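Close look at the chain arrangement
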Amino acid sequence: MTKTFSVPRGTSDILPAHAHVWEKIERQARRLLNTYGYREIRTPIFEETELFARSMGQTSDIVQKQMLHLAAQGPKDSPPSQLSGLSLRPENTAAVVRAYIHNDLSRKESLTKLFYIGPMFRGERPQKGRLRQFHQIGVEAIGPGTLSPLLDAEVIALSVHVLESLGLKGFQLKINTLGSLEDKKHFTQLLHKGLKPYVPELCEDCRERFERNVLRTLDCKQKGCREIVQGLNVGHRYLSPESQKYFHQVTEALDSLGVQYEVSVKLVRGLDYYTHAVFEISDPSLGSQDALGAGGRYDNLVSQLGGPPVDAIGFALGMERIILALAQEEQTPPSVNVYIIGMDEPSLKKAFSLLNVLRREGISSDMSYRLTSLKNQMRWANKMGVRAVILIGEDELKRQCVTLKDMEKGSQEQISITGDDYQLLKDKLTQGS
Ligand code: AMP
């Protein structure tokens, strides 16, 4: 038997019946992001592995466990090393910063506002809402003048605005601050000292995190670890007065924008590059994989990657999760509005030329390209959910007309067409649309 192929684990086909949802989200997001002054950037889907390791941190879960590396050996005619050292992008901040530096964007404007929409890749154990190829809508605001609580508030509010504009309501925003790099070091020390007596009680991952990057223990989902960390009551003790003031200004600005949020001192983001504001948006309706998106400030990343000393802030929203959360509210519109049925060979030819005319008029339409029973075709038209069916048979050809069935009202009428003049029919089909 011939082998058949299934979609690779952790990926999915977006079929036509669903692609319109994706298209709508992308269109809506693009429009809104443009309104806030963001312009699209498209970077390659793979980059040097080192870029991700240096930006996200060698000890981050993504770099440690989830990177999808390209084969070390390239095609036969290329040198073996050509593809080695490259990885599919697990997220896009590092790549956008790489592009910012590589293309010298800092010379062109003082604040560069970029957005992207595209696939990301992580070698995860697939489950609902957790895929190996998933899609993100993200923004990055980069430039020397971006360390401003107003911009932090704007970026956070924008992430909320994107979700709201897509029709989501039940999500929650949590924010926190990690403070400056100095504060983050202080935070690390406090946590290290506090956790030391509890190390044997931590889960295996957290014992390793304790050694490599203790802040990540705050991310742990294990009940035991969570209780220990909560018991330490670290709060915001690590923050300098300046950082406290900065965070206060961010929350004040969010209040002035009417954005609802909760301050969560436990919220840290698992990547090394974050400083100051970090935030996460979750939707309880999604179950265990409830994060819709996340973001934060990363003032040191650009210079760490060899660029100028500029500040930056951004976020990424997961499109699959957005679609899951929207699923209940979404309705599938018909793929086309009009379906034409020809009942014999000459009628089929007439149907074909009418199809062409309607499409040129911008009326979405389709037809049966071969002769099958009327019953079958009507069943098919019903299934597609079309608004109208046009029937052409011997009688219609003789009388120079078509039969137009209104599928919503259940009515039908004959409409005269003389030769190639379909005006009356076109008017009928565009009425009320
Ligand atoms: P992260 O960079 O991990 O915070 O990801 C930002 C957002 O992307 C998350 O909040 C999710 O909505 C989405 N996301 C991350 N990883 C996955 C995945 N493996 N599958 C589906 N969506 C994901």
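Described below are features of the structure shown in this document. (Residues numbered from 1 in each chain as written. Predicted model: local features only at pLDDT ≥ 70, side-chain atom pairs only at ≥ 80, totals over all residues. Heavy atoms only, no water.)

A separate point is the pairing of strand β8 (residues 275-282). Buried residues dominate β8, accounting for seven of its eight residues. Pairing geometry for strand β6 (residues 172-177) and β8, over six bridges, is antiparallel. Looking across to β8, one finds that asparagine 176 is bridged to valine 278. Note that β8 and strand β9 (residues 291-297) share six bridges and pair antiparallel. Bridge pairing in β9 links serine 282 to alanine 291. (Buried < 20%, exposed > 50% of the residue type's maximum accessible area, 1.4 Å probe, protein only. Helix = DSSP H or I, 4+ residues; strand = E, 2+ residues; numbered from the N terminus. Pairing = 2+ DSSP bridges.)

Let us now look at the pattern of salt bridges. Counted by the stated rule, this structure contains 20 salt bridges. The partner of arginine 359 in a salt bridge is aspartate 366, with the nearest N and O atoms 3.3 Å apart. Arginine 359 sits in the partly exposed class, given a relative accessible area of 40%. With its nearest N and O atoms 3.8 Å apart, the salt bridge here joins aspartate 406 to lysine 409. Aspartate 406 gets classed as partly exposed once you look at its relative accessible area, which sits at 24%. Here the salt bridges share partners, and the residues they tie into one network are Arg30, Glu40 and Arg42. (Salt bridge = Lys/Arg side-chain N within 4 Å of Asp/Glu carboxyl O.)

Below, the discussion takes up the sheet that holds strand β15 (residues 411-416). Spatially, β12-β11-β13-β14-β15 is the arrangement adopted by the five strands of the open sheet, whose pairing is mixed. Taken across any chain shown, the strands that pair with only one partner, and hence form the sheet edges, are β12 (365-367) and β15. On average, each strand axis in the sheet is inclined to that of its neighbour by 25 degrees, with strand direction left out of account. Where strand β11 (residues 338-342) and strand β13 (residues 388-392) come together, five bridges link them in parallel fashion. The partner of isoleucine 340 across the bridge, within β13, is isoleucine 390. Along the sheet, helix α13 (residues 345-360) makes contact with β11, β12, β13 and β14 (401-406), crossing β12 at roughly 165 degrees. Seen against the sheet, helix α14 (residues 374-384) touches β11, β13 and β14 and runs at an angle of roughly 175 degrees to β11. (Axes fitted to C-alpha atoms, helices over the stretch in contact; angles between N-to-C directions. Contact = heavy atoms within 4.5 Å.)

Let's shift gears to the packing of helix α6 (residues 149-165) against helix α10 (residues 241-256). At a closest axis distance of 8 Å, the pairing of α6 and α10 adopts a crossing angle of 45 degrees. Our classification of the angle between α6 and α10 gives oblique. Regarding α6 and α10, the two cross each other, and that crossing is right-handed. Here Pro149, Leu150, Asp152, Ala153, Ile156 and Ala157 of α6 come into contact with α10, specifically with Tyr246, Gln249, Val250, Ala253 and Leu254. Looking at side-chain class alone, the contact of α6 with α10 contains nine nonpolar, one polar and one charged residues. (Parallel < 35°, antiparallel > 145°, perpendicular 65-115°, else oblique. Left-handed = near helix turned anticlockwise from the far one by under 90°. Nonpolar A, V, L, I, M, F, W, Y, C, P; charged D, E, K, R; others polar.)

On to the environment of isoleucine 363, then. Structurally, isoleucine 363 is set in the loop between α13 and β12. Given a relative accessible area of 7%, isoleucine 363 falls into the buried group. Not counting the four nearest positions on each side in its chain, isoleucine 363 is found in contact with Val338, Leu358, Lys426, Leu429 and Thr430.

Turning our eyes to something else, we now look at the sheet that holds strand β7 (residues 262-263). Pairing in this open sheet of eight strands is mixed, and the strands run β1-β4-β5-β10-β9-β8-β6-β7 from one edge to the other. Taken across any chain shown, the strands that pair with only one partner, and hence form the sheet edges, are β1 (39-40) and β7. By the bridge criterion, 10 bridges tie strand β4 (residues 112-121) to strand β5 (residues 133-143) in an arrangement that is antiparallel. In the strand pairing of β5, phenylalanine 115 is matched with valine 139.

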